[in-house]
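Residue-level listing of the chains:
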Amino acid sequence: SLTPLHVPFTGRNHNFEVLFVDKPCVLVLNKADLADPQLNKRIREQSSLGQHCVLVNSSQQHAVSLKEFLSTIKRLCAAQLDLNKNRERGLRCLVVGLPNVGKSSFINALRRKFLKKANCAPTGAKPGVTRHIPTHINISDNPRIAVFDSPGIMLPKIEDLHVGMKLALVGTMRDELVGEEYIADYLLYTLNRMQRYGYVTHYALDGPCDEIESTLIKIGRHIGAVQKGGVVNTNEAARRFLRDFRQGTLGLMTLDHEELLMLEQQQQQRQEEQQQQKPAQPQQKRASSSDTAADAEWRRKLLFAEEKES
């Protein structure tokens, strides 16, 4: 199950965990090159609760994380691999996730890494490139492992506005369905709220601004998106603004920082409750000086009696 690392919690479809509860499952946090590296360790700790988790950057062909993923698969599926070692079929895995989270790129990276072969799964910058489950794709010969690419499956219902806008911001839905300028407005709001002002320097702005229309006009002039008559193409400016964010040009950031803090607080509360419910260990009674003197007196009497009998 693939999830973008910069939205590790809101970008996850928990229905997969229910569907595959009886199957070995690995959570792959992809696009690690776009997330805040200072939060990666904490995110992995929270994501590893109850399941196996691997951080991956599919854009790096020789990434160590790809070896870690294959090692995890071998460990979880040791029984199946041992059963199928003499069979032509080998092990079969299904790659699932929301649209445009890098499933096909991840499969291609595995194929390049372990088979030294060219890309096989079609990829694209927009969601909806994979529209059906094709035939299996081999990613390893030793052991023999094949995967199935799958179309992105969107959340059945998005009730929280911020969740929907985050998913739109990272490209899990088509920009034209939400509106490029609406998504750009949420991006500007997010950057200012997180105090990430790299966009100010990148587009040579006078300073941070929370007004999207004037910001897009300045961005449009900076990138040369000016039409006849001096009118700035704000749609083109919005597309450039979103593209620069999605490519990491405006800085590496994790959008689920608040969700991470909430999960850590919940974990701490559970640990405190378990500590309170833990039965108190009975304390051993320390021997007092009088008890020690009495024991010494009994030992003296016992030795005297033994000597008298002998």
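Residues numbered from 1 in each chain as written. Predicted model: local features only at pLDDT ≥ 70, side-chain atom pairs only at ≥ 80, totals over all residues. Heavy atoms only, no water.

Peer 1: Residue-level account of empty space enclosed by the protein, with values.
Peer 2: Over the atoms rolls a probe the size of a water molecule, and in doing so it shows where empty space is left. In this structure the tally under the stated criterion is two cavities of 30 Å³ or more. In this structure, the largest cavity encloses a volume near 50 Å³. For the largest cavity, the full set of lining residues is His 6, Leu 34, Phe 245, Arg 246, Gly 248, Gly 251 and Met 253. Across the lining of the largest cavity, the residue classes tally to three nonpolar, three polar and one charged. Looking at the second largest cavity, its volume works out to about 40 Å³. Lining the second largest cavity we find Ser 1, Arg 12, Asn 13, Phe 16, Glu 17, Cys 25, Leu 27 and Gln 51. Considering only residue class, the lining of the second largest cavity consists of three nonpolar, three polar and two charged. (1 Å grid on protein atoms, 1.4 Å probe; cavity = no way out; pocket = protein on both sides within 12 Å on 5 of 7 lines; lining within 4 Å. Points joined across faces, edges and corners; volume = space filled by probe spheres on them. Nonpolar A, V, L, I, M, F, W, Y, C, P; charged D, E, K, R; others polar.)

Peer 1: Before we move on, can you summarise helix α2 (residues 40-47) with the specific residues and values?
Peer 2: Regarding α2, the residues found buried are Asn 40, Ile 43, Gln 46 and Ser 47. For α2, the angular spread of buried residues about the axis comes to 130°, placing them on one side. Buried residues in α2 make contact with β2 (26-30), β3 (52-55) and α12 (257-277). (Buried < 20%, exposed > 50% of the residue type's maximum accessible area, 1.4 Å probe, protein only. Helix = DSSP H or I, 4+ residues; strand = E, 2+ residues; numbered from the N terminus. Arc of directions from axis to C-beta. Contact = heavy atoms within 4.5 Å.)

Peer 1: How would you explain unusual backbone geometry if you had to name every residue and give the values?
Peer 2: The phi torsion at Lys 31 lies on the positive side, around 60°, for a residue other than glycine. Mapped onto the elements, Lys 31 comes out in the loop between β2 and α2. Within the chain, Gln 195 stands out as a residue other than glycine whose phi angle is a positive 60°. Here Gln 195 lies in the loop between α8 (180-193) and α9 (198-202).

Peer 1: Before we move on, can you summarise the side chain of Thr 3 with the specific residues and values?
Peer 2: Along the chain, Thr 3 turns up in strand β1 (residues 2-4). By relative accessible area, which is 0% here, Thr 3 ends up buried. Apart from the residues lying within four places of it in its own chain, the contact partners of Thr 3 are Pro 8, Gly 11, Arg 12, Leu 27, Val 28, Leu 29 and Asn 30.

Peer 1: Explain the layout of surface pockets to me, using residue names and the numbers behind them.
Peer 2: Reported here for the second largest pocket is a volume of approximately 610 Å³. Surrounding the second largest pocket, 26 residues form its lining, Lys 23, Pro 24, Arg 92, Cys 93 and Leu 94 being those nearest its centre. Going through the elements one at a time, β2, α3 (64-76), β4 (91-94), α5 (103-115) and β6 (144-148) are the ones with two or more residues in the lining of the second largest pocket. Ranked by residues supplied to the lining of the second largest pocket, first place goes to β4 with four residues. Partitioning the lining of the second largest pocket into residue classes produces 19 nonpolar, four polar and three charged.

Peer 1: Lay out the sheet that holds β3 in plain terms, naming residues and giving numbers.
Peer 2: Ordered by their spatial adjacency, three strands build an open sheet running β1-β2-β3, and the pairing between neighbours is parallel. Edge positions in the open sheet fall to β1 and β3, since each of these has one partner strand only. Taken pair by pair, the neighbouring strands of this sheet meet at an average axis angle of 25°, ignoring direction. Seen against the sheet, α2 touches β2 and β3 and runs at an angle of roughly 155° to β3. (Pairing = 2+ DSSP bridges. Axes fitted to C-alpha atoms, helices over the stretch in contact; angles between N-to-C directions.)

Peer 1: Can you explain the confidence of the model for the chain? Please cite residues and give values.
Peer 2: Mean pLDDT over the chain: 83, with 80% of residues reaching 70 or higher. Of all helices and strands in the chain, the one with the weakest mean pLDDT is helix α13 (residues 289-309) (55), whereas α8 scores best (96). (pLDDT = per-residue confidence, 0-100.)

Peer 1: Please set out the pairing of β2 residue by residue, giving values where relevant.
Peer 2: By the criterion of burial, β2 is predominantly enclosed, with five of the five residues buried. Of the two faces of β2, both are covered, the one formed by Val 26, Val 28 and Asn 30 as well as the one formed by Leu 27 and Leu 29. Pairing of β1 with β2 involves three bridges; the strand directions are parallel. If you follow Pro 4 over to β2, its bridge partner there is Asn 30. Where β2 and β3 come together, four bridges link them in parallel fashion. Residue pairing across strands places Leu 27 opposite Cys 53, the latter belonging to β3.

Peer 1: So what's going on with the pairing of strand β5 (residues 137-141)? Residues and values would help.
Peer 2: Here β5 runs beside β6; their pairing, made up of four bridges, is antiparallel. For Asn 138, the partnering residue across the bridge sits in β6 and is Ala 146.

Peer 1: For the packing of helix α10 (residues 212-223) against helix α11 (residues 234-246), give the residues involved together with the corresponding values.
Peer 2: Two elements in contact, α10 and α11, have axes separated by 8 Å at closest approach and are oriented at 85°. By the angle class used here, α10 and α11 are roughly perpendicular. Contacts from Leu 216, Ile 217, Ile 219, Gly 220 and Ile 223 of α10 reach α11 at Thr 234, Glu 236, Ala 237, Ala 238, Arg 240 and Phe 241. Of the residues belonging to the contact of α10 with α11, the class tally is seven nonpolar, two polar and two charged. (Parallel < 35°, antiparallel > 145°, perpendicular 65-115°, else oblique.)

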